[in-house]
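Summary of the model geometry
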Amino acid sequence: MTRAVTEIENLAINAIRFLAVDAVEQAQSGHPGAPMGLAPVAYVLWHEFLKHNPQDPTWPDRDRFVLSAGHASMLLYSLLHLSGYDLPLEELKRFRQWGSRTPGHPEYGHTPGVEVTTGPLGQGISTAVGMALAEKKLAAEFNREGLRIVDHYTYVIASDGDLMEGVASEASSLAGHWGLGKLIVIWDDNRVSIDGSTDLAFREDVLQRYAAYGWHTLRVEDGNDLDALRDAIRKARAETERPTLIAVRTHIGYGSPKQDSAEAHGAPLGPEAVAAAREALGWPYAPFEVPEAVYVHMRQAVEKGMAAQEVWEQRLEAYLERFPELGTEFVRRVIERRLPEGWDAEMPRFTPGAKVATRKASGQVLAAIAPRLPELVGGSADLTPSNNTQVPGMEDFTPERPTGRYVHYGVREHAMGAIMNGLCLHGGYRPYGGTFLIFSDYMRPPVRLAALMGVAPIYVWTHDSIGLGEDGPTHQPVEHLMGLRAMPNLWVIRPADATEVPYAWKLALERTDGPVGIVLTRQGLPVIDRERYAAAEGVLRGGYVLADAPRPDAVIVATGSEVHLALAARERLQAEGVAVRVVSLPCWEVFEQQDAAYRLEVLPPEVPTLAVEAGVALGWERYADAVVSLERFGASAPGGVLFERFGFTVERVVARVRELLGAAHG
């Protein structure tokens, strides 16, 4: 028999509800309906199950909580405030205002206790799969009999919209395949979307779908039944071989006249409806007023969290004493999050003149550094042989072999990007994942979120231009370099030859505050003779003078395979008495971080400058007076033929330089 809700439970649940309602009402913007329906679910989870310490939101063995339904942000802010996180009531009153710690959707690194930036639906649940994957792998790697230093759950609250999104399907399929038994997703089954009833577009049997993915599924018929919620969460925690989806039937806008309607979703309820809800739910308090008893009750989380963390710290101390080498490694990777000394001590060297595709050079770099970087976890979206992302000795990750460091994501670029974010956010791993540059489109949302959050996955994007050849325009990226460069806080590195590749990887791995895409060729490129031209260390500054002239008449700036075309054109022009400097500019973003003196020294504005890149010209006006570019889609033919047909030839580059010089002297 279900017991009655106690007075303090009812007060706490309504406090969560009305803090959300009041904040949305004051901001005249936001989503009150979901927090009103979800308050009992969130209360039970946070007060009775979630292992967390409001005084130290980042301690490593805490449970992770992901509000995938990020539009319900006031639910999370109410929980954080009431539980004792550094989120005072004044911040709730400033919901959605300039400079507040309560933005419209949760933002990682901005609000204490927010584990991941959510809002774009499907991203939260998919990122949580990466968090649960990290927990499973770290537990397998470090836990020892009697000393479990990695032992926590990943909880998600997801909406109907989250489960409609394709990325959630991709990631959930993988979670079931991998047997992520400590991932628990609570589905807010309120049956209302912005357009109206979910029946408009979403009538499938979701639990059957998730069962087919290999998930454990449960249903709670009444989201206000606290005992049923407790029972479901206990059953989910007891299931260790499969992730769990709990469908909870809730009522959006619960207790208000707008209950169960789309009107409760994304707008303030309005004064009359708020007053009616207060009366219906027995909440006589003024806006933002919370009874002291609720604070006393909810802030038990502080004492419980500190005690749990203290027990864990004692366990870690015992672990360090018993397993000093493993313990030191755990501290370095999980707590300090720093690279080991000498990780780059054995970078490969390449023979000048040899033809090496930069994707193959990348594979050789990975083979050299992977044994020295146990936190490096690789993967590919079913393009492993093409991306050169798996190296000898890097075993596959499987449910039976969770210590494996290579993840087969299948044809799921979108999920791969989100799961990599989760691995980064959790800590203990540095993930990289490969696909063709053209398919970076499929993973762009998690790339953007990585840049927004300031986490540092590494993308290995190969087959970077028309140079890939016969696969044709569907596989030949044209606008992608510029589209990715347009994204704030994403570094895009396109090495010119094999010798630049180790430096690209060094830049990527030493970056900790944002993602990096390394863009690589399918076709072989000659290894540049560094005794004749400048050393490749200039990659670490984003761009450098590769070949110079005492007083250059013109500058040719290029990236990737087109640097070789620039060098060949320079040879022709030098023979004709034109002094030309060639600049390799593999990473615009790092180059922009250099001081102005260096940038002006490399690319002097008074010297006519031509850019050469096998993609759209848009953006090159920052550095060049003219561009040899590609302003159309490619074609199916051998790569060399395409470069010639599309005008990426020595003759055309020479002619464009002469045009520039003529214009300068005209």
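If you're wondering where the values come from, they're calculated on a predicted model, not measured in any experiment.

**Observations regarding the overall build of the protein chain**
Check the secondary structure of the protein chain and you find 24 helices and 20 strands. Radius of gyration (C-alpha) of the protein chain: 28 Å, near the 26 Å computed for a compact globule of 666 residues. With respect to the three principal axes, the spread of C-alpha positions in the protein chain is 90 × 60 × 45 Å. The buried share among the 666 residues of the protein chain stands at 63%. For the protein chain, the accessible surface area stands at approximately 25100 Å², while carbon and sulfur atoms represent 50% of it. Distance between charge centres in the protein chain, computed from 64 positive and 86 negative side chains, equals 3 Å.

**Examining helix α19 (residues 501–510)**
Across the ten residues of α19, eight count as buried, placing the element largely inside the fold. Every buried residue of α19 is accounted for by Val-501, Pro-502, Ala-504, Trp-505, Lys-506, Leu-507, Ala-508 and Leu-509.

**Some details on the domain arrangement of the protein chain**
The domains assigned to the protein chain are domain 1 (7–306), domain 2 (354–527) and domain 3 (542–665). Distance between the C-alpha centres of domain 1 and domain 3: 52 Å.

**Things to note about the pattern of salt bridges**
For the coordinates displayed, the defined rule picks out 38 salt bridges. The salt bridge involving Lys-235 is made with Asp-231; its shortest N-O contact spans 3.1 Å. Taken together, the residues span about one helical turn, with Lys-235 and Asp-231 both in helix α9 (residues 226–238) at a distance of four residues. Taking the relative accessible area as the measure of exposure, Lys-235 reaches 42% and is therefore partly exposed. The residue Glu-395 makes a salt bridge to Arg-401 at a minimum N-O spacing of 3.8 Å. On the basis of relative accessibility, which here comes to 45%, the residue Glu-395 falls in the partly exposed class. Take Arg-401: its relative accessible area is 33%, and that puts it in the partly exposed class. Salt bridges linked by common partners bring Glu-9, Glu-48, Asp-227 and Arg-230 together as one network.

**A closer look at the side chain of Ser-100**
On the secondary structure map, Ser-100 appears in the loop between α4 (89–93) and α5 (123–142). The exposure class of Ser-100 is buried, given its relative accessible area of 3%. In this view, Ser-100 contacts Glu-91, Arg-94 and His-110; residues no more than four positions away in its chain are not counted.

**Section: the packing of helix α2 (residues 33–49) against α9**
For the pair α2 and α9, interaxial distance at closest approach is 10 Å and the crossing angle is 55°. With respect to α9, the element α2 is oriented oblique. Classified by chirality, the crossing of α9 by α2 is right-handed. Here Pro-40, Val-41, Tyr-43, Val-44, Leu-45, Glu-48 and Phe-49 of α2 lie close against α9, whose contacting residues are Leu-226, Leu-229, Arg-230, Ile-233, Arg-234 and Arg-237.

**With respect to empty space enclosed by the protein**
For the structure shown, the criterion picks out four cavities of 30 Å³ or more. The wall of the largest cavity is formed by 13 residues, among which His-52, Asp-63, Tyr-85, Gly-113 and Glu-115 lie closest to the centre. Classifying every residue of the lining of the largest cavity by side-chain character gives six nonpolar, three polar and four charged.

**Quick word on the nonpolar core**
In terms of nonpolar packing, the biggest core is built from 88 residues, with Ile-369, Trp-505, Ile-556, Val-612, Trp-620 and Phe-648 touching the most fellow members. For this core, the two domains that each supply at least three residues are domain 2 (354–527) and domain 3 (542–665). When sequence neighbours within four positions are dropped, the list of residues in contact with Ile-556 reads Ala-566, Ala-569, Leu-573, Val-580, Arg-581, Val-582, Val-583, Leu-610, Val-612, Val-653 and Val-657. The next biggest cluster of nonpolar side chains, apart from the first, holds 70 residues, and it includes Leu-180, Met-416, Ala-451 and Val-492.

**Some thoughts on the sheet that holds strand β13 (residues 491–493)**
Read from one edge to the other, the open sheet built from six strands follows the order β10-β9-β11-β12-β14-β13, with strand pairing classed as parallel. This sheet does not close on itself; its edge strands, each paired only once, are β10 (406–408) and β13. When the angles between neighbouring strand axes are averaged without regard to direction, this sheet yields 20°. With five bridges joining them, strand β11 (residues 430–436) and strand β12 (residues 458–462) adopt parallel strand pairing. Each bridged residue has a counterpart across the sheet, and for Gly-433 the counterpart in β12 is Tyr-459. Packed on one face of the sheet, helix α16 (residues 413–426) meets β9 (376–380), β11 and β12 and runs near 165° to β11.

**Thoughts on unusual backbone geometry**
Across the chain, the bulk of peptide bonds are trans and the bulk of non-glycine residues have phi less than zero. The backbone of Gln-28 sits at a positive phi, close to 55°, despite the residue not being glycine. Tracing the chain through its elements places Gln-28 in the loop between α1 (7–27) and α2.

Criteria and cut-off values
- Residues numbered from 1 in each chain as written.
- Predicted model: local features only at pLDDT ≥ 70, side-chain atom pairs only at ≥ 80, totals over all residues.
- Heavy atoms only, no water.
- Helix = DSSP H or I, 4+ residues; strand = E, 2+ residues; numbered from the N terminus.
- Rg over C-alpha atoms; globule rule 2.2 N^0.38 Å.
- Buried < 20%, exposed > 50% of the residue type's maximum accessible area, 1.4 Å probe, protein only.
- Areas by Shrake-Rupley, 256 points an atom, 1.4 Å probe, with all protein chains shown as cover.
- Lys, Arg positive; Asp, Glu negative; His and termini not counted.
- Charge placed at Lys NZ, Arg CZ, Asp CG, Glu CD.
- Domains from an automatic or database assignment.
- Salt bridge = Lys/Arg side-chain N within 4 Å of Asp/Glu carboxyl O.
- Contact = heavy atoms within 4.5 Å.
- Axes fitted to C-alpha atoms, helices over the stretch in contact; angles between N-to-C directions.
- Parallel < 35°, antiparallel > 145°, perpendicular 65-115°, else oblique.
- Left-handed = near helix turned anticlockwise from the far one by under 90°.
- 1 Å grid on protein atoms, 1.4 Å probe; cavity = no way out; pocket = protein on both sides within 12 Å on 5 of 7 lines; lining within 4 Å.
- Points joined across faces, edges and corners; volume = space filled by probe spheres on them.
- Nonpolar A, V, L, I, M, F, W, Y, C, P; charged D, E, K, R; others polar.
- Core = buried A, V, L, I, M, F, W, Y, C linked by side-chain atoms within 4.5 Å.
- Pairing = 2+ DSSP bridges.

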